[in-house]
Amino acid sequence: MATIVVNGQEIQIPDGARMNLIEAARLAGVEIPHYCYHPGLSVVASCRMCLVEVGQRDADGNVRMLPKLVPACATPAQDGTVVVTNSEKVRSAEALVEELLLLDHPVDCPICDQAGECYLQDYYYKYGRRERRAPAEPFTSRRKDVGQFVTLFIDRCVMCSRCVRFTREVSGTGELAVVKRGNRAIIDVFPGQELNNPLSGNTVDICPVGALCSKPFLYKQRVWFLRTHRSICTLCATGCAVLVDQNMNRVYRLRPRFNPNANDWWMCDYGRFGFDFVYDPRRLLRPGTRGDDSEPSATDWEVVLESLATRVRRAAQEGKPVGVLLSPFLSCEDAYLACTWFREVAPAARFYLGPVPVEGEDERFPKRPLGAIGGGTESRPRFVISGEKCPNARGVRLVIEHFQERAQEVADFVADLDRDGAGFVYIAGGYPQPWGDELAGVLEKADYVVVHDLFPGPLTEKADLVLPMAVWFERAGSYVNRNGVLQCTERAVVPRGEARSVGRVMWSLLGRSGLYRAEDVLQELALAVPAFAPAGAISDYPEHGIPLQSVHVAAGEEPAEV
Amino acid sequence: MKPDDPDVIWLEEPKLNLFERLYLPAIIDGLGVTGRHAVTKKMTRQYPDEPYQPADPLKYRGVHRLNRDEQGRVKCVACFLCATACPAHCIDIVAAEAPWPDREKYPEHFAIDELRCIYCGMCEEACPVDAIELTSFYDLTGLTREEMVFDKEKLLSVFDMTKDREPLRTAGFRLSQVPPEEKEEEEK
Ligand code: SF4
Ligand code: SF4
Ligand code: SF4
Ligand code: FES
């Protein structure tokens, strides 16, 4: 244990914790303002916002302060380090840095997307001078589109170089650079290049001011109208922890949330900007039966569920096979309740894992090893975009394996159906696009087909009953990512139309009372399925997820995380 | 407010003496007022036959207008500050990138529900570019609720209607200003 003193308050930091003074002061509840320091990037100590007074306390308790202010981001916290952040000297340095940064700033906060979550604004109110001495001449900032998703407001930049370091150290693509010098320095892309790497959206998050903005989100909302919910991204098996920002029941933005077990501070552009399919006008919004174009009314859910249950029971009584195909887009709770109910009404029901979409190889970052651009060499990737484009293949497989020997695959589903036919088939999809060509043909052999999905497609055409499904941020649930970490999500918005999650549907079919709560189902799941035991008896789900020991990380798959 | 707040001054009701308790003086006073009004000029205005003109139109809080800039374009920069300040939540804006090279953001759609508005003037107060103002125009009528949701065109037309009669109430920064010349030089 090392003891450091922050503004006279002693705090203990664990041995071996390599921490700078910004992190250490945060432990003591003291904020040291900073722009250029980011825990995921190298330290350059260039913005000078974090200047503090530092000293050393010797064994006798005598403190010797350094004569000059030092940058907290580049000063390690050691035993006996004394930090002062609230002295006159520090306060005036902070105010001067703020004043300097704002000298050439367009002060166009009213039209800046960052306003409300901008460190320049926040720090100016907290640490800046009350009154401005330089003339304030608000004008529109020069602007340059630097990439497909990112636009740069040149004059709003505070030259912290976070974005430049990100493209060099994390994405390894190095498109950005500081050009020109002194007060004319600006950020730019190299000639002929564009900031189009699959991680480009992260530069928008790490930019502490409104210089880099996201084009798809530009001017859509003011950030103070947004309500934030904890969730994950479900478009690949990395399962990045995200925050879902919603206003009036519409999701406008996903942002990564720090999780060392999944994504660190980052997320990819496919996930970040890829939730448009949720608002696709083609989405299924109401339950419907085959050849039925009329708009069923709200009570129809009760009616269709009743007929669904009758059909399953009839098939079970007649001794006909019942097939249940669960896609890897379902949450663990969805899969668990579905298996529970089908086991109950049709003890011989067979469970299959839906197709696990794989698109090419995993994409590893940095693209070029760090050594090639400067700095050290790292062998482990800083970020991995999985080739496996679904969130929960491992979780659904674990649940199915609890109910039957082996989680059978789509090929088994097709073969079984072809051979034995079926009295009843339930297919739960959730894929972001129409799917299922390989299954559609064989569905003829089933007496009654229920498809619970997002989009009309080859399967819904063959279905006797189509149910609209809720997407991940329209339901709560938990997912097991490629590292075997179980992450729980909150519901951010109510489902579009009359869509319902599999979990909620199964909850009503099971005849349980009260509201469907994913937390309770997860507790039940943890008790029932040993693989999920670590998730049991936890009342407040850890932000970084729960590692499930028994998930075998497939050979050759490295943890996505450093 | 706490009872022991030093800023609160507690007053006792004055005790009435016998003469005052007869209530006769108060009644006579009252009759005096009535009598005076019976003989002086009538105060009641026969609205709407006699329309009312606010004494100082610049202080009256009536229907909103959206001001135009020097080039006749909507001055609003779609910052949503009025919508944020509005206690009645009656302003609805959809922002977009401006179609003009010298401006960045503008309201693609701007609507105020004049029925829901409480005419408090907070929007005018909040606007950083003096784009929204209340006018002295007050006698609004409409046959449907939808008609009373004023869109951008209508609010701009209120400006056209009132601009000669009522000058801008305030004058401050203009975010729509072109970047200073030196900035442009530097670009070259
Ligand atoms: S664009 Fe943003 S992240 Fe990049 S240097 Fe400027 S302020 Fe920093
Ligand atoms: S006058 Fe008040 S209530 Fe009416 S739009 Fe403005 S802020 Fe809202
Ligand atoms: S406050 Fe002014 S500039 Fe901002 S949206 Fe309202 S009218 Fe437009
Ligand atoms: S954060 Fe320390 S100098 Fe920028």
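Before reading further, recall that the structure is shown in the block above.
Right, let's walk through the structure included here. (Residues numbered from 1 in each chain as written. Chains lettered and ligands numbered in written order. Predicted model: local features only at pLDDT ≥ 70, side-chain atom pairs only at ≥ 80, totals over all residues. Heavy atoms only, no water.)

The next subject is the overall build of chain A. When helices and strands are tallied, chain A shows 14 helices and 25 strands. Taken over the C-alpha trace, chain A has a radius of gyration of 27 Å; the compact-globule value for 562 residues is 24 Å, and the two agree within 12%. Principal-axis analysis of the C-alpha atoms gives chain A an extent of 90 × 55 × 45 Å. For chain A, restricting intrachain contacts to residue pairs at least 6 apart in sequence, the fraction spanning at least 24 positions comes to 68%. If you sum the accessible surface of chain A, you get close to 23300 Å²; carbon and sulfur atoms cover 51% of it. Across chain A, 63 positive and 72 negative side-chain charges occur, with their mean positions spaced 5 Å apart. (Helix = DSSP H or I, 4+ residues; strand = E, 2+ residues; numbered from the N terminus. Rg over C-alpha atoms; globule rule 2.2 N^0.38 Å. Contact = heavy atoms within 4.5 Å. Areas by Shrake-Rupley, 256 points an atom, 1.4 Å probe, with all protein chains shown as cover. Lys, Arg positive; Asp, Glu negative; His and termini not counted. Charge placed at Lys NZ, Arg CZ, Asp CG, Glu CD.)

Here we take up the sheet that holds strand β2 (residues 91–97) of chain B. All names here are of chain B. Spatially, β2-β3-β5 is the arrangement adopted by the three strands of the open sheet, whose pairing is antiparallel. Edge strands, defined here as strands with exactly one partner in the open sheet, are β2 and β5 (149–150). Across two bridges, strand β3 (residues 105–113) lies against β5 in antiparallel orientation. Within the sheet, the bridge partner assigned to Asp113 lies in β5 and is Val149. Strands β3 and β5 of the sheet are contacted by helix α5 (residues 152–162), whose axis makes an angle of about 85 degrees with β3. (Pairing = 2+ DSSP bridges. Axes fitted to C-alpha atoms, helices over the stretch in contact; angles between N-to-C directions.)

All names here are of chain B. Taken together, the side chains of Leu16, Phe19, Leu22, Tyr23, Leu24, Ile27, Ile28 and Leu31 make up a nonpolar region of the molecular surface, amounting to roughly 870 Å² of accessible area. No other element matches helix α2 (residues 24–39), which puts four residues into the nonpolar patch. Tracing the sequence through the fold places Leu24 in helix α2. Overall, the relative accessible area of 49% leaves Leu24 in the partly exposed class. (Patch = residues over 30% accessible without salt bridge, like charges linked within 9 Å, V, L, I, M, F, W, Y side chains within 5 Å. Salt bridge = Lys/Arg side-chain N within 4 Å of Asp/Glu carboxyl O. Buried < 20%, exposed > 50% of the residue type's maximum accessible area, 1.4 Å probe, protein only.)

Cys157, Cys160, Ser161, Cys163 and Cys207 of chain A are the nearest of the 13 residues found near ligand 1. Residues of the shell around ligand 1, tallied by class, amount to eleven nonpolar, one polar and one charged. (Near = heavy atom within 4 Å. Nonpolar A, V, L, I, M, F, W, Y, C, P; charged D, E, K, R; others polar.)

Turning next to the site of ligand 2. Taken together, 13 residues are adjacent to ligand 2, and Cys86, Cys117, Cys120, Gly121 and Cys123 of chain B come closest. Tallied by class, the residues present in the shell around ligand 2 amount to eleven nonpolar, two polar and no charged.

Further remarks concern the nonpolar core. Counting residues in hydrophobic clusters, the biggest one holds 91 residues, and the most contacted among them are Leu326, Phe342, Phe473 and Phe532 of chain A. Here this core takes nine residues from helix α8 (residues 332–345) of chain A, the largest share from any one element. Both domain 2 (105–279) and domain 3 (288–471 + 499–517) of chain A contribute no fewer than three residues apiece to this core. Non-local contacts of Phe342 of chain A, meaning those with residues more than four positions away in its chain, are made with Val312, Val322, Val324, Pro347, Ala349, Phe351, Phe424, Tyr426 and Met506 of chain A. Of all hydrophobic cores here, the second largest spans 37 residues; its members include Phe80, Ile112, Leu134 and Leu155 of chain B. (Core = buried A, V, L, I, M, F, W, Y, C linked by side-chain atoms within 4.5 Å. Domains from an automatic or database assignment.)

Here we come to the state of the cysteines. All names here are of chain A. Scanning the entire structure with this criterion turns up zero disulfides over all chains. Note on Cys268: no disulfide assigned, nearest cysteine sulfur contributed by Cys236 at a separation of 5.8 Å. Of all cysteine sulfurs, the one in Cys332 lies closest to Cys339, which takes part in no disulfide; the gap is 11 Å. Relative accessible area serves as the criterion here: at 0%, Cys339 is assigned to the buried category. (Disulfide = S-S within 2.5 Å.)

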